[in-house]
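# Per-entry structural report
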Amino acid sequence: MATTTATITLSSADLLSDNLSLSASMNLYKGGTTDTGLDEIKYSRAIIPTGTNFVLISESSALNATGSNYVYIVNKNIDSTDYVTVSVRSEVIGHLYAGDWMFIPFSAATTATAGTDDPSGDDSDIAIQANTHECIVEYALFHDGETLLTHTSS
Amino acid sequence: MATTTAQITLNSSDISDNTIQISNLAHLYTAGTNTGITETTGLARKKFATASEFILLDFGLAGSQMADITADKSAKVYIKNINGRGDGTKYAAVRINSIEIGRLYGEDFMFFPWKGGDGKDIDIQTYSGSSADATETTVEFCVFYE
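Sequence positions are assigned chain by chain, starting from 1 and proceeding in written order. Chains carry letters and ligands carry numbers; both start at the beginning, A for chains and 1 for ligands, and go up in the order they are written. For a predicted model such as this one, the threshold for reporting local features is a pLDDT of at least 70, and the threshold for listing and counting side-chain atom pairs is 80 or more; totals across whole chains, interfaces and linings nevertheless cover every residue.

### Details of the overall build of chain A
Using the following cut-off: The numbering of helices and of strands both runs from the N terminus, where a helix is a DSSP run of H or I of at least 4 residues and a strand a run of E of at least 2.
Assigned secondary structure in chain A consists of 0 helices and 10 strands. Across chain A, helices and strands are ordered from the amino to the carboxyl terminus as β-β-β-β-β-β-β-β-β-β.

Next up, the structure:
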């Protein structure tokens, strides 16, 4: 197993009348375990054209097995008006404007209808759509396995 | 305007052959601008012991801070499950509009943009394995918004 830590710091000297300084750390463990670290990662960079809602991270039955995966996404654009819309299981979560990042646990739960594009029957894709301009995003998936596709010639 | 930053660091020396260190710092701006967000709920703590799904952040609730959060703005949400890891089976399922986004096991946190919209409250329900569970759970949360 691997040891991966995530640390967040939220700070401001002038949002409140006193300093805001909030920090938290966590280990990325497999679901259902006390201290077994996730040992698989996918770290990617993509240019997202405008106008289409794309699957950024595709669900899979293996990903769904323990419900314990973690996703980090950052919008690398610079223009403050450029943003992407992030959805999980077809539910819009929010907009990542230029420079914004998000970090969430990613699980796929319950039900849907299985299909050729949805082998687990659980459409829990993370989707992304660039709105005003194409956006460069980087994203990392720390996970507990994913379903590898069998090559068509095998 | 205020200057508020959110920094993330993801570190591992053994998840791959080379050390992984991902780090980023974001300024929390109002939507589509370089103007800092000026409002926050502050850090709040909620303790509960129910197996039922309940609303943690009620979008648009009249008279509450959440009434100010509307679509196309730039709210950011931080939630942490303060409980210990325990036996590793207990978690708080975080939902938006009753759709599960992810599971916060003990000591886990999340930080994400919140678009909001009618019915798009942020709900929580606690589980032990696959069964809803009433074990006392404490979460801390904070919303930054315009």
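Now that the structure has been shown, we can carry on.
### Let's talk about unusual backbone geometry
Residue and element names in this part refer to chain B. Rules: Any residue surrounded by 20 or more other C-beta atoms within 10 Å of its C-beta is treated as buried, while 12 or fewer makes it exposed and the intermediate range makes it partly exposed; C-beta atoms here are placed from the backbone.
Its identity as a non-glycine residue notwithstanding, Asn97 has a phi of 55°, on the positive side. Take Asn97: it is sitting in the loop between strand E7 (90-96) and strand E8 (99-105). On the basis of neighbour counts, which here come to 16 C-beta atoms within 10 Å, the residue Asn97 falls in the partly exposed class. A positive phi angle, near 80°, is found at Glu107, a position not held by glycine. Note that Glu107 resides in the loop between E8 and strand E9 (109-114).

### Here's the deal with the sheet that holds strand E6 (residues 83-88) of chain A
Residue and element names in this part refer to chain A. For clarity, the threshold we go by: The pairing criterion is simple: DSSP has to find at least two bridges between the two strands. In this analysis, axes come from line fits to C-alpha atoms, helices being fitted only over the stretch in contact, and the angle between any two N-to-C directions falls in the range 0 to 180 degrees.
With antiparallel pairing, 4 strands are arranged side by side in an open sheet as E4-E9-E6-E7. The strands lining the two open edges of the sheet, one partner per strand, are strand E4 (54-57) and strand E7 (91-97). Looking at each pair of strands side by side, their axes are set apart by 35° on average, direction ignored. Summarising the sheet, E6 and strand E9 (residues 126-130) pair through 5 bridges and their orientation is antiparallel. The residue bridging Thr85 from the neighbouring strand is Gln129, located in E9.

### A few points about the interface of chain B and chain A
Just so we agree on the cut-off: We call two residues in contact if the C-beta atoms placed from their backbones are at most 7 Å apart. Only Asp, Glu, Lys and Arg are considered charged in this grouping, and only Ala, Val, Leu, Ile, Met, Phe, Trp, Tyr, Cys and Pro are considered nonpolar; every other residue, Gly among them, is considered polar.
In this complex, chain B contributes 53 residues to the contact, which on the side of chain A involves 51 residues. Looking at the side of chain B that touches chain A, the elements with two or more residues in it are strand E1 (4-12), strand E2 (20-27), strand E6 (75-81), E8 and E9 of chain B. Broken down by element, the side of chain B that touches chain A gets its largest block of residues, 9 residues, from E1 of chain B. Classifying every residue of the side of chain B that touches chain A by side-chain character gives 24 nonpolar, 20 polar and 9 charged. Bridge count between strand E1 (residues 4-12) of chain A and E1 of chain B: 9 bridges; the pairing is antiparallel. Counterpart to Ser12 of chain A in the pairing with E1 of chain B is Thr4 of chain B.

### Re the confidence of the model for chain A
Rules: Residue-level confidence of the predictor is summarised by pLDDT, bounded by 0 at the bottom and 100 at the top.
Mean pLDDT over chain A stands at 87; residues scoring 70 or higher make up 84%. Ranking the elements of chain A by mean pLDDT puts E4 of chain A last with 91 and E1 of chain A first with 98.

### Side note on the pairing of E1 of chain A
Bridge analysis of E1 of chain A against strand E2 (residues 20-27) of chain A gives 8 bridges, and the strand direction is antiparallel. Within E2 of chain A, the position partnered with Ile8 of chain A by the bridge is Ala24 of chain A.

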